[in-house]
Amino acid sequence: MELSEIKHLAELSKLEFSQTELEAFASDFASLVSLADNIKNADVKGKRVLQSIKLGDLRKDETKKSLPCKVILANAPLAKKDSFVVPRVVE
Amino acid sequence: MQYDVIIGLEVHAELKTKSKCFCSCKNEYGSSPNTNCCPVCVGLPGALPVLNKFAVEQTIKAGLALGFEINRTAIFERKNYFYPDLSKAYQISQLEKPICINGHLRVFDKDIPINRIHLEEDAGKLVHSGSETFVDYNRGGVPLIELVTDALKEPHMESADEAIEFLTKLRQIYIYAGVADCELEKGQMRADVNISLRPKGSKEFGTKVEMKNLMGFKSIHAAIKYEIARQKEILDDGGKIEQETRKWDFDKGESFAMRSKENAEDYRYFPDPDLLAVEISDEDVARLKKSLPPLPDEIKKKYMSEYGLSEYDTDVILADKEIADFYEACLALYPQPKSIANWFTTEVLARVKGGAGLGISKENLVWLIKAVDEKKIQRLSAKEFLADIWGTDVNAESEAKARGIMADLSSDFVFEILDKVLKEKSSVVEQFKREKDEKILNFLVGQVMKETRGKANAQEVKEKLKEKLGI
Amino acid sequence: MEITKLSAVEIRKKILSGELSCKQTVESFLKQIEKNTAYNAVLEIFDDALAKAEEMDKKIAAGFKGKLAGVPVIIKDNILYEGKICSCGSKFLKNYRAQYNATVTDRLLAEGAVILGRANMDEFAMGSSTENSAFGITHNPIDFDRVPGGSSGGSACAVALDMCPIALGTETGGSVRQPASYCGIYGLKPSYGRISRYGVVAFASSLDQVGIFSKSIEDNALMLEVLAGEDENDETCSKQKVDDYSNFSDAKNLKIGVPAEILKMTKGLECEANFANFVDFLKACGLQVVPVSIKDIELALATYYILAPAEAASNLARFDGVKYTTRNADAKTLQQIYKKSRSEGFGKEVKRRIMLGNYVLSSGYYDAYYNKAKAVQGLLIDECNKAFESCDVMIMPTTLGEAFKIGSKPSDPVETYKEDVFTVTANIVGCPSLSIPFGKGKNLLPLGIQLFGKKFDEKTIFSLAKFIEEKR
């Protein structure tokens, strides 16, 4: 696999790697992909698993008490004004 | 050069439900930050979504109101991307099997094809302040329906006016169907607009430019006009349209390209393994169809054919469901559709549009309209009276009596005045008897009306006067 | 009487009869945990365990007779217990305190269990050795130089060393059965949808299930009775009726299926002879053993290593340094918070699987991998259903052989993934599978055999396990 492709995956995964780590990944990936490739030739006849639920069995539209704001924010690395805080997002 | 304009719309509307789409927190606007939140909508570790039945039913109803086919199996997928308003770093949405497919909406003389309506969860709200962004997940998980027009099929929307008509009608239908309130200032209805141009007659599509998250019909109208002009100018100069997303700056009245992402978005959609596919039966669809309240087109037909209202009056009344409902409520008390409609299209709407709110009870309004119809109050004084009691909770009848504005021709009161006027103006009476001039008669009527301070009906005073004078 | 040697069923009986107090029981087990800290099975003893035991004694005195009244339990570090740290074996969540209870935690507490602490695990349940924990390796209870298996190695080791009579683990591809086998105890992976996943930190949602470790089959069945059953907070949790698992049925007429493909796969492996012995043993017990087939079972491993990482990549995206996980101190921008926090917080194996998962989901590969794997899953379900037309329970080895030495696996991750070759099928098809201790390897370390049942038919595999226990 191309290093650029690994870099793209790292971006999708929001992970950073050093050059050495990237190269190690490239070799791991070759092995992982060859494992995954085992299913490529399987004759599956278009089967797919689809577990379903009837519309009538879904959750009724009723409200329940929410958690207190304090609990919601309890583990936040940074919280102010009853909100989670991140550096200003520029669009 | 002449161009064909092709406009596509993606319209998001927050559904009217008690609880959120995948948890039991309140679906409520305006609460203080992070108070309508639970493990599910904040995406805490271990939390699992549980689909709200009514959200699915509301989506089906929206689809039925717009003539959609309803998929008998609906699948929910995860749309994966990182953003602080998205607590789980994926949005639960629908890709492969949305609830509604293939609908259409009549816009002026065109049936605009619509590809789909799917159900998804809204994201949280970001508030930017100074160097920080504050994240509030109250809106996170609110059920949202996304409608996507099918710009690949004919006919296309081609102008800002058509797009606005589409949105206006869509909004009206959602409101009438009871699926969404669509309050624009609360962001309950938002639209993304795609615009592409191609040389007139060409079959190939031009490059699409997307404008995201437009709120308010004025912005949308202006943004579309601006974008069409912008693209035209580029093409006329022999330039190329960049495929990009642009943001509309309402204050400046222009759009600018948003920072393009380094990599094209790859949302890695896959069926959400926490949720089951939903089976929708023919019975479900039939039941929901039956539950749909009358929709604007149907009501319009009734107003015009049964009530005999003009198309203009009908449209004016139906434009706002609150007004239309009030109209029906008044009609139930006093079945005179035209008479009530006259008051609605003038006095009532003028006040509501002027921002005074619907400040009168149906009982008071109907009493007043009826009193005018029965000539118990002069139309002019009734209008003044309505203005006076608007926004108060007085009883119209007793208030009118107390103010002495009720006409009362049968009483001695009017006759007394009549006699008094005839006596005081005896010379004029003599003149009339001689000349039989209508103008003189009208002068006498005016004198009586003046004395009654408008409480009498001029036509009837005239009749009575003629009687007295033996004509 | 050695309290820590008692089964949960016995402990409950003695506490209810007044022969033992809950406090005294919990004290004994806590001592046992402290005696064995070198094994690093338990990451934290909850400081209120004794107080809870005293409360339980009062409750019992007042007439409480819960199914687990006074029974000490240890839970895996990925099951939420409100107010307690739940770190998933990850540095990223080392200070994360649960903001709510998992459904299984609620059910344990409602029936009177006292939760002693949380057990070590491979980070985010990814691994087969508990070597991937950010908080150190857990050792094999029988041979200190070997692994206990994983990812629920801490829970398995705790039960094997009498730190508690029952422990909860979680399964995605064998994370309960494999360590149970390496530690010589019972380990159940229930049917998918049998136990609620609410409040269990997700690895791969369509495969995850809470599992049960015990030294006695009665304890395992009792625990499933407590945990199983529908949950309004988990749509994938089945509404199927919960059986009286402890009321074992007669197993002597069961037909035992041996998949021909399994016999082929065991060729040359350490488990081959033991598996053959087991088949002979069953026959000697008078059970009917029939050949069956799961034609494509060899595709299960690849299928698993596509589906599980894909779901994991998405499930673990929420750990982003914004809402609860540790935020990197140097991060200035939002993108830096995401990337630096995640790169610092996750261990190597977790990163590898996130990358692999995003690969199989990414545009251009989705159909070839993820979609195809879902289709193979459908195929395997059909093949298992077909096999169950001619048998009641299938059997297969749990592991390739005995527990391996710590640090002995080669760097190629696929070599380690092959450890899961016999266990992943039950997760992929959603059937229950119980690993029972049977036989020994060349170093006299325990081996395990899986009793693989029809979906939601845990009762039959418990009954068979009981039958086997009695015939030994």
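Residues numbered from 1 in each chain as written. Chains lettered and ligands numbered in written order. Predicted model: local features only at pLDDT ≥ 70, side-chain atom pairs only at ≥ 80, totals over all residues. Heavy atoms only, no water.

A. Main features of the interface of chain B and chain C. Listed by partner, the interface residues are 31 residues for chain B and 36 residues for chain C. When chain B packs against chain C, the two sides together hide about 2,800 Å² of surface, and 58% of this comes from carbon and sulfur. Of all residues in chain B, Pro45, Leu48 and Phe82 of chain B bury the most surface against chain C, accounting for 23% of the area lost on that side. Taken together, the links from chain B to chain C amount to one salt bridge. Here Asp274 of chain B makes a salt bridge to Arg197 of chain C, at a shortest N to O gap of 3.1 Å. At the surface where chain B touches chain C, the tally comes to 19 residue pairs in polar contact (both at pLDDT 80 or more). Sorting the residues of the side of chain B that touches chain C by element identifies strand E4 (77-80) and strand E15 (270-271) of chain B as the ones contributing at least two each. Its residues assigned to classes, the side of chain B that touches chain C comprises 22 nonpolar, four polar and five charged. (Contact = heavy atoms within 4.5 Å. Buried area = accessible area lost by both parts, 1.4 Å probe. Salt bridge = Lys/Arg side-chain N within 4 Å of Asp/Glu carboxyl O. Polar contact = N/O pair within 3.5 Å; in protein donor to acceptor, adjacent residues only side chain to side chain. Helix = DSSP H or I, 4+ residues; strand = E, 2+ residues; numbered from the N terminus. Nonpolar A, V, L, I, M, F, W, Y, C, P; charged D, E, K, R; others polar.)

B. Main features of the interface of chain A and chain C. In this assembly, 50 residues from chain A lie in contact with 59 residues from chain C. Connecting chain A to chain C are four salt bridges. One salt bridge connects Lys339 of chain C with Glu11 of chain A, and the closest N-O pair in it is separated by 2.9 Å. Where chain A meets chain C, there are 20 residue pairs in polar contact (both at pLDDT 80 or more). Sort the elements by how many residues they give to the side of chain A that touches chain C and helix H2 (residues 19-36) of chain A lands first, with eight residues. Its residues placed into classes, the side of chain A that touches chain C shows 31 nonpolar, six polar and 13 charged.

C. Spotlight on the domain arrangement of chain B. Domains assigned within chain B are domain 1 (3-284), domain 2 (308-392) and domain 3 (412-468). In this structure, domain 2 of chain B and domain 3 of chain B have C-alpha centres spaced 33 Å apart. (Domains from an automatic or database assignment.)

D. Highlighting the sheet that holds strand E11 (residues 189-199) of chain B. All names here are of chain B. If you walk across this open sheet you meet the nine strands as E2-E6-E7-E10-E1-E11-E12-E13-E14, and the pairing is mixed. Two strands bound the open sheet, and with one partner strand each, they are strand E2 (69-70) and strand E14 (254-257). Taken together, the eleven bridges between strand E1 (residues 3-14) and E11 define a ladder with antiparallel strand orientation. The residue bridging Glu10 from the neighbouring strand is Asp192, located in E11. Contacting E1, E11, strand E12 (209-214), strand E13 (244-249) and E14, helix H3 (residues 217-236) runs over the sheet at an angle of about 25° to E11. (Pairing = 2+ DSSP bridges. Axes fitted to C-alpha atoms, helices over the stretch in contact; angles between N-to-C directions.)

E. Representation of the pairing of strand E8 (residues 125-129) of chain B in the model. Looking at chain direction, E8 of chain B and strand E9 (residues 132-136) of chain B are connected through five bridges and run antiparallel. Residue Ser129 of chain B lies in a different strand from E9 of chain B, and its bridge partner there is Glu132 of chain B.

F. Spotlight on the packing of aromatic side chains. Applying the stated criterion across every chain yields a total of 35 aromatic pairs over all chains. Note on Phe92 of chain C and Phe346 of chain C: the rings are 5.0 Å apart at their centroids and 80° apart in plane angle, and the pair reads as edge-to-face. With Phe92 of chain C in the loop between strand E2 (72-76) and helix H4 (103-110) and Phe346 of chain C in the loop between helix H11 (334-345) and helix H12 (348-361), this residue pair connects regions lying 254 residues apart in the sequence. Both residues of the pair, Phe92 of chain C and Phe346 of chain C, belong to the buried class. Considering the side-chain rings of Phe319 of chain C and Tyr324 of chain C, the 5.9 Å spacing of their centres and the 70° angle between planes classify their relative orientation as edge-to-face. Each member of the pair, Phe319 of chain C together with Tyr324 of chain C, is buried. Taken together, the ring pairs in this structure connect Phe17, Phe25 and Phe29 of chain A together with Tyr359, Tyr365 and Tyr369 of chain C into an aromatic cluster. Lying over the aromatic face of Phe64 of chain C, Lys59 of chain C brings its terminal NZ or CZ to 4.3 Å of the ring centre. The ring centre of Phe46 of chain C lies 5.5 Å from the NZ or CZ of Lys84 of chain C, which sits over that ring. (Phe/Tyr/Trp six-rings, centres within 6.5 Å; stacked < 30°, edge-to-face > 60°. Buried < 20%, exposed > 50% of the residue type's maximum accessible area, 1.4 Å probe, protein only. Lys NZ or Arg CZ within 6 Å of the ring centre and 35° of its normal.)

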